[in-house]
Amino acid sequence: MNLFIASVQRDLLVHFRHPSEVLNPLIFFVVVISLFPLGIGPEPGQLKEIAPGIVWVAALLATLMSMDSMFRSDFEDGSLEQVVLSEQSTFIFVLAKVASHWLLSGLPLVLLMPLAALLLFLDEAGIWALTLSLLLVSPTLSLLGGIGAALTVGLPRGGLLVTILVMPLYVPVLVLATAMVQAAEAGSETIGYIYWLLAILFGAVCLAPIATAAAVNVATDQ
Amino acid sequence: MNLFIASVQRDLLVHFRHPSEVLNPLIFFVVVISLFPLGIGPEPGQLKEIAPGIVWVAALLATLMSMDSMFRSDFEDGSLEQVVLSEQSTFIFVLAKVASHWLLSGLPLVLLMPLAALLLFLDEAGIWALTLSLLLVSPTLSLLGGIGAALTVGLPRGGLLVTILVMPLYVPVLVLATAMVQAAEAGSETIGYIYWLLAILFGAVCLAPIATAAAVNVATDQ
Amino acid sequence: MFKWFHRLGSPKIFFEMSGRWQVPLLWLSVVMLTGGAAWALLFVPPDYQQGNSVRIMYIHVPAAILAQSGYVMMSGAAAVFLIWRIKLADVAVKCIAPLGASITFIALLTGAIWGKPTWGTWWVWDARLTSTLVLFFLYIGVIALRSAMERHAGAGRACAILALVGVVNLPVIKFSVEWWYTLHQPASFSLTEKPTMPVEMWLPLLVMVVAYYLFFFAIWIMRIRNEILLTEKNTDWVKQWLATR
Amino acid sequence: MVIQMLQVRNARCERDGRQLFEDLSFSLAPGELLQVVGGNGSGKSTLLRALLGLYTDCQGDINWSLDEAPLYLGHRLGIKQSLTVIENLRWFGVLREAPVSQDRIDEAVYKLGLTGFEDSLCAHLSEGQRKRVALGQFLIMDNPCWVMDEPFSAIDADGLSFLMAILQEHLDVNGGIVISTHQPITIDRPINTLALQ
Amino acid sequence: MVIQMLQVRNARCERDGRQLFEDLSFSLAPGELLQVVGGNGSGKSTLLRALLGLYTDCQGDINWSLDEAPLYLGHRLGIKQSLTVIENLRWFGVLREAPVSQDRIDEAVYKLGLTGFEDSLCAHLSEGQRKRVALGQFLIMDNPCWVMDEPFSAIDADGLSFLMAILQEHLDVNGGIVISTHQPITIDRPINTLALQ
Ligand code: HEM
Ligand SMILES: Nc1ncnc2c1ncn2[C@@H]1O[C@H](COP(=O)(O)OP(=O)(O)OP(=O)(O)O)[C@@H](O)[C@H]1O
Ligand SMILES: Nc1ncnc2c1ncn2[C@@H]1O[C@H](COP(=O)(O)OP(=O)(O)OP(=O)(O)O)[C@@H](O)[C@H]1O
Ligand SMILES: [Mg+2]
Ligand SMILES: [Mg+2]
């Protein structure tokens, strides 16, 4: 537990050394979102229809872009092998890494979501459903992404590979989340979706770090 | 000139050592494209309408994802400072780097484009315009992206920052390219756009490497 | 001429000279701002079409104009820094970027507020709006790069390069976006043509534009002076100057 | 009979089709220093990592009998560039669940010759200073066994004699050391050497 | 009067608010070796980089009079992990526009003790072997001036005596060398030392 707290603290410290790093995922998110109208054409009606999709994809990409760095710097400077050596639970360490990743790239997106949705002309029900779904889903994204990040940490350029490995894992969550938003926009019940997303989150918390810890052990074996 | 050829050869060699690296941008591209129908909903009519935008954004993101690594490994292992020291033109070296980046991540996308467009129910005129526009634009994307990559190469995690720096530079090309595709789909003349894109490409070839070379010099100064 | 230029490039001389200008500049701009605002709010007749919402113009238009010339000034300073390596020019770039971003943000915000009553929506993906948004991103890029490179010796040069690249790109953006816009949007609310305004609307606007510029310069100079004090805090002249306070 | 800290029997390792070592048997008792010597590429680092379980592609029996895992300094130093000297030292303590007092850290910083750099980011240190930070882990914790892979490289002459002194001290309190180095070790103690190749 | 390869006047450098060196004036003539000595963090690497123009935040006059830029070995070795030994050596040749024959490369590989590793990726070499590859640039090219930042670290005893021999050889053909190291240099020639701090 000590390790968990200290590790999250350490990651936050490293990030807040460059305060811009904290804002970067947000700016990235806004920039990507404003890119879509440029690519698709500026008609408000059309934009509104596909807005949940756009916002989702942008959030996903922001998460993925920062995913590769979850273990990379620790691997390259040798911190990761020190952790493996220390006989402390790698599970806890991995969980801490995921937690700080979420704090630094998931949570800010959740907070920014309402603004982003406004830019794309979404209405109120949609905005709340979107924000709630992102809140439920983003920890899962970090947890699953961690597996990919740990698997590719020893490779020279992991970025794209992480995406490829992790994307199939993201599909069910993405499908559920957009279905939930569409249900909310149509005015129907969303509680079922919420339970499902919570169940997936719970499963991911219990299982994903096991896989990630195993991958970390493989990465340092060289 | 010798440096140009040798440098491109070297980059290709490094990449083909891990053949998966060559496929990664392609797989990423396909994964992102197939993600949209999941996020947006699968109605063919709607998809077809926004298809050029989606394909464009996916191509852009694939380019951006690989952008950060353009100079990073050379910086970290000290190759970059050897280049700066060598009294050979950094301009040529930078141009070679951009060229190999394009060969490895731009060109494959151009070749894959027709397939991707089919996936999204685009019609023939659209497909050709899309492929042509990507062919004209992707070198510009690599050239402009190089500036961002060189500016951020000394920083611990460049990925997101590169996107933020480079995206505003991408706007004109993106706008022109999608306008061109829409013009082609509407059956109108596209030659004006082609000239424009060529002119921008030409300007970028002449100017962007100057900025990139200057940024490389800044990065190695430490 | 060049000698004078170099002299002004010395932080100490700039600090002394700007010390004399700073206060009058600030006062003049504040007086003009309040005067212009009072004129615009109280005395200008409401527009026959837009009613009172037209008064936002007196905040919006000067901000929009200044947003663009701010970027030009920033890249001018960046060029001076890259070519002559005058440290003060770097300080100027550093100090103007957040100012420029703020004024651009004001232009975006007031535009959006104005858009609601006149166009019925906060935002459209129109040519001018889009290019202003991109301008905002360009400023943000310079700020983000600066703060990411905080402790790097090369931060100044890197930001200068980026600022210059941005200024080359700016006209291209305007042009392309305008073209794109004219292809897709009906020209119902074109901003490109200058409205034929009566003099009593036009004159206060001029006052406001000048006031904005003066205020902008005043703040810019103040920020530069602060920065100089921080970076030169170990020099004798700063210690002397502080002692006289 | 002394209880050995480490007992290795018939270790054998092959890498990239080249035999690095074979039939290697040795042991480490408390108070002993084992120096692994050999030319570049003879397999010293590989052996040390194999001992620690950081490289598992070796055959043979490796048995530790320790309460606390050994401390390790490898070619990758394990310090973070964007943390300060103090923060890095604290992190070593957290990893080993060792309660490290501020006094002990201050003392270590002083001994390492890093006074004045306590709050410098490690990215802003020189090569040798960074190495010194990594060596700090041996000063702030009391684990009985040390595994050191070329601890002397990049260290200046003063640092060298200081390092010899702390090696000696550690042996004096019955610690065990496995070390690989290209430079001679000048301590007042018998040195076991294990030559590779 | 000899024409100096390098002439430095009143070099001064400050980093992070600390004065590293001041009023440094020296020169390097053909056939001379200048050894920069000083403790960890005294500014040796900074000085060498400043000489080469890789660090520009120093004051003072630095004048080279050379036809070919000096060769440099720094803390960052400048070799690519995913290229083989031979490919890396060739790349050094390309960078310096030096026509390097296959024979010369083979000879260098042999001298460096890397026979059998010609086609190994540098990622699969040991620390010392990688350093040897980087040292290879001095064997395959004839640039008159060498700037070496701690070339001996990670190198074994055999490698050390070989390095001394090539330093000597280079001086014999009127080359100039600026070198920083913590280990003594044992050559048959007068050594100029420049002590920092
Ligand atoms: C977020 C929304 C908006 C943005 C980003 C924006 C941006 C701009 C820009 C960049 C300019 C050009 C300044 C120059 O001449 O250099 C401008 C001028 C102007 N804007 Fe806006 N604008 C917005 C909304 C509006 C709205 C809603 C109106 C009123 C219907 C409006 C009316 C004007 C007028 C009258 C001018 C002066 C035109 C001229 O003198 O050339 N703007 N705006
Ligand atoms: N990137 C940097 N940013 C800020 N300060 C630095 C940086 N690199 C080094 N320094 C500072 O400059 C000083 C000199 O560093 P330098 O690397 O030149 O030392 P050195 O003599 O080569 O030491 P060593 O023997 O350890 O290699 C150090 O005190 C260090 O704190
Ligand atoms: N990651 C790797 N993959 C494949 N082979 C490797 C790898 N690392 C090292 N080797 C091979 O294993 C051998 C031993 O390497 P090791 O690093 O153990 O040598 P060392 O004795 O520590 O050398 P040095 O004195 O240079 O540090 C080398 O010949 C090298 O080619
Ligand atoms: Mg080794
Ligand atoms: Mg050094």
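Owing to the predicted nature of the structure, the values given are computational and were not obtained by experimental measurement. (Residues numbered from 1 in each chain as written. Chains lettered and ligands numbered in written order. Predicted model: local features only at pLDDT ≥ 70, side-chain atom pairs only at ≥ 80, totals over all residues. Heavy atoms only, no water.)

A. Just the site of ligand 1, in detail. Residues and elements named next belong to chain C. What surrounds ligand 1 is a group of 17 residues, the closest being H60, L108, W114, G115 and T132. H60 places a side-chain nitrogen or oxygen 2.8 Å from a nitrogen atom of ligand 1. Between ligand 1 and Q68, the relevant distance is 3.3 Å, taken from an oxygen atom to a side-chain nitrogen or oxygen of the residue. Those elements that place two or more of their residues in the shell around ligand 1 are helix 3 (57-84), helix 4 (87-119) and helix 5 (127-148). The dominant element in the shell around ligand 1, judged by the number of residues it contributes, is helix 4, at seven residues. Taken together, the residues of the shell around ligand 1 break down into ten nonpolar, six polar and one charged. (Near = heavy atom within 4 Å. Polar contact = N/O pair within 3.5 Å; in protein donor to acceptor, adjacent residues only side chain to side chain. Helix = DSSP H or I, 4+ residues; strand = E, 2+ residues; numbered from the N terminus. Nonpolar A, V, L, I, M, F, W, Y, C, P; charged D, E, K, R; others polar.)

B. Inspection of the site of ligand 2 at higher detail. Close to ligand 2 lie 22 residues; S126 and G128 of chain D together with K44, S45 and T46 of chain E are nearest. With respect to ligand 2, the chains having nearby residues are chains D and E. Contact distances for ligand 2 include 2.7 Å between an oxygen atom and a side-chain N or O atom of K44 of chain E. For ligand 2, the protein covers 91% of the area, taking 630 Å² as the surface of the free molecule. (Areas by Shrake-Rupley, 256 points an atom, 1.4 Å probe, with all protein chains shown as cover.)

C. Region of interest: the packing of helix 1 (residues 2-17) of chain B against helix 6 (residues 90-119) of chain B. All names here are of chain B. Look at helix 1 against helix 6: their axes get within 8 Å of each other, and the N-to-C directions meet at 40°. What the angle tells us is that helix 1 and helix 6 run oblique. Two packed elements cross with a definite hand, and for helix 1 against helix 6 that hand is right-handed. Listed contacts from helix 6 to L3, F4, S7, V8, D11, L12, H15 and F16 of helix 1 are I92, F93, L95, A96, K97, A99, S100, L103 and L104. Tallied by class, residues from the contact of helix 1 with helix 6 come to twelve nonpolar, three polar and two charged. (Axes fitted to C-alpha atoms, helices over the stretch in contact; angles between N-to-C directions. Parallel < 35°, antiparallel > 145°, perpendicular 65-115°, else oblique. Left-handed = near helix turned anticlockwise from the far one by under 90°. Contact = heavy atoms within 4.5 Å.)

D. Just the nonpolar core, in detail. Counting 243 residues, the largest nonpolar core has F29 and F71 of chain A, F29, W56 and F71 of chain B together with L145 of chain C as its most contacted members. The contact partners of F29 of chain A, leaving out residues within four places of it in the chain, are V55, A58, A59, L109, L112, M113 and A116 of chain A. (Core = buried A, V, L, I, M, F, W, Y, C linked by side-chain atoms within 4.5 Å. Buried < 20%, exposed > 50% of the residue type's maximum accessible area, 1.4 Å probe, protein only.)

E. Looking closely at the relation of the copies chain B and chain A. Between the two copies, chain B and chain A, the superposition gives an RMSD of 0.2 Å; the rotation angle is 180° and the shift along the axis is 0.1 Å. When the rotation and shift are considered jointly, the pair of chain copies conforms to a two-fold rotation axis. Minimal C-alpha separation from the rotation axis in chain B is found for M65 of chain B, amounting to 3.6 Å. When the interface residues of chain B are mapped onto chain A, 97% of them again lie at the interface, so the same face is used by both copies. (Least-squares fit on C-alpha atoms with pLDDT ≥ 70 in both.)

F. How the structure looks around the interface of chain B and chain A. Facing 37 residues of chain B, the contacting portion of chain A comprises 37 residues. When chain B packs against chain A, the two sides together hide about 3800 Å² of surface, and 74% of this comes from carbon and sulfur. When the buried surface of chain B facing chain A is broken down by residue, M65, R157 and L160 of chain B rank first, second and third, together holding 18% of it. Taken together, chain B and chain A are joined by zero salt bridges. Linking chain B with chain A are zero residue pairs in polar contact (both at pLDDT 80 or more), by the criterion used here. Residue composition of the side of chain B that touches chain A, grouped by class: 21 nonpolar, twelve polar and four charged. (Buried area = accessible area lost by both parts, 1.4 Å probe. Salt bridge = Lys/Arg side-chain N within 4 Å of Asp/Glu carboxyl O.)

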